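A structural walkthrough
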Amino acid sequence: MLKFNFRGISKAWIQKGICIRRYRYAILISNLLIGFTVGAVCFLIPNQNWDSIGYAHSALRMAENDESKVHAKVFQELKTTTSLQTFNSLTQGNFYQRQMFTDIEGLAQIRGTYSVKYLYVLLIYGLHNLGLNAFVSMHILSALFAGLSFILSTLLIRNFSFASYPLYLIPLISIIQVGRMSTPDSMGMFLIFLVFYFCNRKWNMLSQLFLVTAPLVRPEFLILSLICFFLFRQWGFRIRFFLSAITILLTLSIAISQQAWSYTKSIKFLYYLTQNPNESFYTFQDMSFFQAYFKLITTIIQIDLPLLILLSFSLYLLMNNTLRIFPLATQRVFGEVLLYFSIVRIIVFPSGDYRFYSPFIIFFSYVFVEFFHSLNKSGSEVHFFDSRDNRNDRQF
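Our next topic: the overall build of the protein. From N to C terminus, the protein includes 19 helices and zero strands. For the protein, with 396 residues in total, the buried portion stands at 50%. Partitioning the intrachain contacts of the protein with sequence separation of at least 6 by distance along the chain shows that 75% fall at a separation of at least 24. As displayed, the protein offers around 19,700 Å² of accessible surface, 63% of which is attributable to carbon and sulfur atoms.

Okay, structure coming up:
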């Protein structure tokens, strides 16, 4: 007669459950510590760039109407938060920077390029009203969202071992690079991962809400939001909400276009900044749009070839269903969203600056790590994204 040791089996199950919980807690604690370290590094070692001047000018302009006072206060606060060498490089580096340092009207004219990042500028304005320096406020925001972006991205990962854990730290390089810059890119990166996390958890209303407000962080996120709404066509929301969301997005795009420069002027200004011609700031308006656009495309092909190779390789994997080694449908849809958004963005706004594509680079870094790690697994499943149950493995 067979006898089963139920006590031994139950004890083994309990011990296994304790080990799994300890394993998850260890991963969670290590991710929290790394996220805190990422934020601290980004705050203590910022990479001050010229765009921060435009965002500070937009925030300070909300409290002061006198352009001359705003202009003076911006560079005064910049001088108190940076070294003399950095200050000189930002104000005397090239002809354009020298002109913006002395030309009150010129700096006021380009404000629309930065003020359309409404939520980011509003946060700077709020922290400045609390007594913080505008540039310090940007350091805090960039560092905070960079640390949260890493933590949030790791919450999307599931079932990786301590042996492969160091490989998942590779995207830290991109996160830290973006977090050190005083731009809304860190906030945008966090927003994208937050939308994916809410979507993966089936918190549809929250993910849709943040998708609708995404263009207020960066106007080009209008492209991302539209791609998401059309790819998530089986998401579970009703047609009324879909039409309402599209209406809100189009309304936001009209409001943004009224505050910012026209698309033609933006392309010509982007080419002006890329080439850094030693001429007056105002002469870029006389450029030919098509000449500026095709020269930007040519510049990307010559200089930003690694980004184009990464986009092409990711598109190849997607078209050949290589990403279907991952059983979760959400992971494949997120990959499609970021890939299509990056391709459309690089065509519409020809710029190869890595910070514009940081969510795509970080996401596909995780994908490639999981892909190569899965090659070493014999017959074991790969679960890239976390889910509470198997319902998330189905299509939307």
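What follows picks up the thread again.
Summed over the entire model, instances satisfying the criterion amount to eight salt bridges. For aspartate 51, the salt bridge identified is with arginine 355, shortest N-O distance 2.9 Å. With aspartate 51 in helix α2 (residues 51-61) and arginine 355 in the loop between α18 (329-348) and α19 (358-375), this residue pair connects regions lying 304 residues apart in the sequence. Across the salt bridge formed by arginine 345 and glutamate 220, the nearest N and O atoms sit 3.5 Å from each other. One end of the pair, arginine 345, is in helix α18; the other, glutamate 220, is in the loop between α12 (204-213) and α13 (221-231), with 125 residues separating them in the sequence. Each member of the pair, arginine 345 as well as glutamate 220, carries the same accessibility label: buried.

The topology assignment puts isoleucine 173 in helix α10 (residues 172-179). When the C-alpha positions of isoleucine 173 and isoleucine 362 are compared, they lie 9.0 Å apart, and in sequence the two are 189 residues distant.

What follows is about the side chain of serine 225. Looking at the element boundaries, serine 225 is found in helix α13. Residue classification places serine 225 among the buried residues on the basis of a relative accessible area of 0%. Residue contacts for serine 225: discarding those within four places in its chain leaves Leu211, Ala214, Pro215 and Leu249.

Topologically, leucine 338 is positioned in helix α18. Judged by its relative accessible area of 1%, leucine 338 is buried. For the pair leucine 338 and isoleucine 192, spaced 146 residues apart in the sequence, the C-alpha separation amounts to 9.2 Å. Those residues in contact with leucine 338, other than ones at most four positions away along the chain, are Ile192, Phe196, Pro359, Phe360 and Phe363.

Another aspect to go through is the packing of aromatic side chains. One pass over the full model with this rule turns up 18 aromatic pairs. Taking 5.3 Å as the distance between ring centres and 85° as the angle between the ring planes, the aromatic pair formed by tyrosine 55 and tyrosine 120 counts as edge-to-face. In this pair, tyrosine 55 sits in helix α2 while tyrosine 120 sits in helix α8 (residues 118-129), placing the two residues 65 residues apart along the sequence. Relative accessible area serves as the criterion here: at 2%, tyrosine 55 is assigned to the buried category. Plain terms: the ring middles of phenylalanine 221 and phenylalanine 341 are 6.0 Å apart, the flat faces sit at 65° to each other, and that makes the pair edge-to-face. Here phenylalanine 341 lies in helix α18 and phenylalanine 221 lies in helix α13, a separation of 120 residues in the sequence. The exposure classification of phenylalanine 221 matches that of phenylalanine 341, with both residues buried. In textbook terms, an aromatic cluster arises when at least three aromatic residues are bridged by ring pairs, as seen for Trp50, Tyr55, Tyr96, Tyr114, Tyr120, Phe269 and Tyr272. Across from the ring centre of phenylalanine 356, 4.1 Å away, lies the NZ or CZ of arginine 345, which sits over that ring.

A few words now on helix α5 (residues 95-102). Of all the residues in α5, the buried ones are Tyr96, Gln97, Gln99 and Met100. Seen from one end, α5 has its buried residues packed into an arc of 160°, which puts them on one side.

The residue asparagine 133 is located in the loop between α8 and α9 (134-155) in this model. With residues up to four places along the chain from it excluded, the contact list for asparagine 133 reads Glu77, Thr80, Thr81 and His128.

This paragraph deals with the layout of surface pockets. One number sums up the size of the largest pocket: a volume of about 1,400 Å³. If you go around the largest pocket, you meet 47 residues; those closest to its centre are Thr113, Arg218, Leu270, Leu273 and Phe356. At the level of elements, α2, α5, α7 (111-115), α14 (239-259), α15 (263-275) and α16 (289-303) are the ones that each hand at least two residues to the lining of the largest pocket. For the lining of the largest pocket, the element with the highest residue contribution is α15, accounting for seven residues. When grouped by side-chain class, the residues that make up the lining of the largest pocket number 23 nonpolar, 16 polar and eight charged.

To continue, consider a nonpolar patch on the surface. A contiguous nonpolar patch, built from Tyr25, Ile29 and Leu33 and spanning about 340 Å² of accessible area, is present on the exposed surface. Residue position: tyrosine 25 is located in helix α1 (residues 6-44).

The next thing to look at is the nonpolar core. In this structure, Trp50, Ile53, Ile110 and Phe281 are the most contacted members of the largest nonpolar core, which totals 91 residues. At 12 residues, the largest contribution of residues to this core is made by helix α11 (residues 185-200). Leave out the neighbours within four places in its chain, and isoleucine 53 touches Val74, Phe75, Leu78, Leu90, Leu107 and Phe135.

Attention shifts here to empty space enclosed by the protein. Applying the stated criterion across every chain, the model contains four cavities of 30 Å³ or more. There is about 70 Å³ of room inside the largest cavity. If you go around the largest cavity, you meet 13 residues; those closest to its centre are Asp185, Arg218, Phe221, Arg355 and Phe356. In terms of residue count, the dominant contributor to the lining of the largest cavity is α11 (four residues). In the lining of the largest cavity, the residues fall into six nonpolar, two polar and five charged.

Rules and cut-offs
- Residues numbered from 1 in each chain as written.
- Predicted model: local features only at pLDDT ≥ 70, side-chain atom pairs only at ≥ 80, totals over all residues.
- Heavy atoms only, no water.
- Helix = DSSP H or I, 4+ residues; strand = E, 2+ residues; numbered from the N terminus.
- Buried < 20%, exposed > 50% of the residue type's maximum accessible area, 1.4 Å probe, protein only.
- Contact = heavy atoms within 4.5 Å.
- Areas by Shrake-Rupley, 256 points an atom, 1.4 Å probe, with all protein chains shown as cover.
- Salt bridge = Lys/Arg side-chain N within 4 Å of Asp/Glu carboxyl O.
- Phe/Tyr/Trp six-rings, centres within 6.5 Å; stacked < 30°, edge-to-face > 60°.
- Lys NZ or Arg CZ within 6 Å of the ring centre and 35° of its normal.
- Arc of directions from axis to C-beta.
- 1 Å grid on protein atoms, 1.4 Å probe; cavity = no way out; pocket = protein on both sides within 12 Å on 5 of 7 lines; lining within 4 Å.
- Points joined across faces, edges and corners; volume = space filled by probe spheres on them.
- Nonpolar A, V, L, I, M, F, W, Y, C, P; charged D, E, K, R; others polar.
- Patch = residues over 30% accessible without salt bridge, like charges linked within 9 Å, V, L, I, M, F, W, Y side chains within 5 Å.
- Core = buried A, V, L, I, M, F, W, Y, C linked by side-chain atoms within 4.5 Å.

Taken by themselves, the reported measurements are silent on function.
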